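Listed below are the residues making up each chain.
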Amino acid sequence: MWTKENRGRYDRSKLRYPSDLTDEEWALVKPLIPPAKRGGNKRHVDERAIVDGLMYILSTGCQWRALPKDLPPRSTVHGYFDLWNWDGTLDRIHHALYAKCREEAGREASPSAAIIDSQSVKAAEKGGPRSIRMAMTRARKSRERSAISW
């Protein structure tokens with residue numbers, strides 16, 4: 001239910017984009033971002049601008065090339081997205097924010113129960129993750145068997 005306290009808490013009208021992080025949100029995320037590697041050049045980009053760019057992409061679902069010009073270049077944002085996905089930074093940020101949200105809601109940081117629906121059980125009976133992976137990978141044909149062989 002919307003109350004005056006809640007409305008003020010979720011008001012994003014003073015931000016450049018609704019997806020931008022507030023100062024409080026940035027204070028939670030900033031310690032989870034790894035520092036620049038030693039021995040190389042100093043980091044010349046603002047990490048907060050990178051996170052704002054990632055949040056813009058995730059919240060709008062736009063293409064990388066549609067990233068607004070006042071955010072860092074799309075190649076920079078995409079490069080950090082790849083790096084942080086590879087080194088686990090995005091997973092650590094997600095886990096920390098997830099645990100904090102659960103604690104603020106008065107729950108334990110990690111859930112103690114899981115819900116399994118009937119579709120999940122049926123998929124597991126047919127072979128589980130391996131069969132799903134096999135179904136999603138494209139069958140490979142040799143060039144001799146292909147009808148469009150050059």
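Note that the structure is predicted; figures quoted are calculated from it, not measured. (Residues numbered from 1 in each chain as written. Predicted model: local features only at pLDDT ≥ 70, side-chain atom pairs only at ≥ 80, totals over all residues. Heavy atoms only, no water.)

Engineer: Could you give an account of the overall build of the protein, naming the residues involved and the relevant values?
Structural biologist: When helices and strands are counted, the protein shows seven helices and zero strands. Sequence-ordered secondary structure for the protein, helices as α and strands as β, is α-α-α-α-α-α-α. Sequence-distant contacts in the protein: of pairs separated by 6 or more residues, those separated by 24 or more amount to 46%. Element-wise, carbon and sulfur atoms account for 54% of the exposed surface of the protein, whose accessible area totals about 12,800 Å². (Helix = DSSP H or I, 4+ residues; strand = E, 2+ residues; numbered from the N terminus. Contact = heavy atoms within 4.5 Å. Areas by Shrake-Rupley, 256 points an atom, 1.4 Å probe, with all protein chains shown as cover.)

Engineer: Break down helix 4 (residues 74-87) for me, citing the residues and quoting the values.
Structural biologist: For helix 4, spanning 14 residues, the distance from its first C-alpha to its last is 20 Å, which sits close to the expected 20 Å at 1.5 Å a residue. For helix 4, the complete set of buried residues consists of V77, Y80 and W84. Down the axis, helix 4 shows its buried residues gathered within 65° of arc, on one side only. Turned more than 90 degrees off the buried face of helix 4, the exposed positions are S75 and W86. Residues of helix 4 that are buried sit in contact with helix 3 (47-60) and helix 5 (89-104). (Expected span 1.5 Å × (residues − 1). Buried < 20%, exposed > 50% of the residue type's maximum accessible area, 1.4 Å probe, protein only. Arc of directions from axis to C-beta.)

Engineer: Describe the nonpolar core, listing the residues and the values that go with them.
Structural biologist: Core analysis: the largest hydrophobic core is formed by 16 residues, its most contacted members being W26, V29, I33, V51, L67 and W84. Among residues more than four places away in sequence, those in contact with W26 are L21, I33, E47, R48 and V51. (Core = buried A, V, L, I, M, F, W, Y, C linked by side-chain atoms within 4.5 Å.)

Engineer: How would you summarise the environment of I93 if you had to cite specific residues and measurements?
Structural biologist: Here I93 lies in helix 5. Considering only alpha carbons, one finds I93 and P31, 62 residues apart in sequence, at a separation of 9.4 Å.

Engineer: Could you give an account of the confidence of the model for the protein, naming the residues involved and the relevant values?
Structural biologist: Looking at the protein as a whole, the pLDDT averages 79, with 76% of positions reaching at least 70. Predicted confidence in the protein is weakest over helix 7 (residues 128-136), with a mean pLDDT of 51, and strongest over helix 4, with 94. (pLDDT = per-residue confidence, 0-100.)

Engineer: Give me the lowdown on the layout of surface pockets, citing residues and values where you can.
Structural biologist: Taking a probe equal in size to a water molecule and rolling it over the atoms shows the remaining empty space. The calculated volume of the largest pocket comes to roughly 910 Å³. Along the walls of the largest pocket sit 26 residues, with L21, E25, L28, V29 and L97 positioned nearest its centre. Listing elements by their share of the lining of the largest pocket, those giving two or more residues are helix 1 (4-9), helix 2 (23-29), helix 3, helix 4 and helix 5. Considering every element that reaches the lining of the largest pocket, the biggest residue donor is helix 5, with eight residues. Here the lining of the largest pocket is composed, by residue class, of 15 nonpolar, four polar and seven charged. For the second largest pocket, the lining is made up of 14 residues, of which P35, A36, K37, R43 and L83 are closest to its centre. Considering only residue class, the lining of the second largest pocket consists of eight nonpolar, two polar and four charged. (1 Å grid on protein atoms, 1.4 Å probe; cavity = no way out; pocket = protein on both sides within 12 Å on 5 of 7 lines; lining within 4 Å. Points joined across faces, edges and corners; volume = space filled by probe spheres on them. Nonpolar A, V, L, I, M, F, W, Y, C, P; charged D, E, K, R; others polar.)

Engineer: Give a description of the side chain of T22 that names residues and reports values.
Structural biologist: With respect to the helices and strands, T22 occurs in the loop between helix 1 and helix 2. Looking at T22, the relative accessible area reads 17%, which means it is buried. Among all residues touching T22, those that are not within four sequence positions of it are R12, L15 and R48.

Engineer: Explain the packing of aromatic side chains residue by residue, including any values.
Structural biologist: Within this structure, the stated rule accounts for three aromatic pairs. Aromatic side chains Y17 and Y56 sit 5.1 Å apart centroid to centroid with 65° between the ring planes, which places their arrangement in the edge-to-face category. Of this pair, Y17 sits in the loop between helix 1 and helix 2 while Y56 is found in helix 3, placing the two residues 39 residues apart along the sequence. One exposure class covers both Y17 and Y56, and it is buried. (Phe/Tyr/Trp six-rings, centres within 6.5 Å; stacked < 30°, edge-to-face > 60°.)

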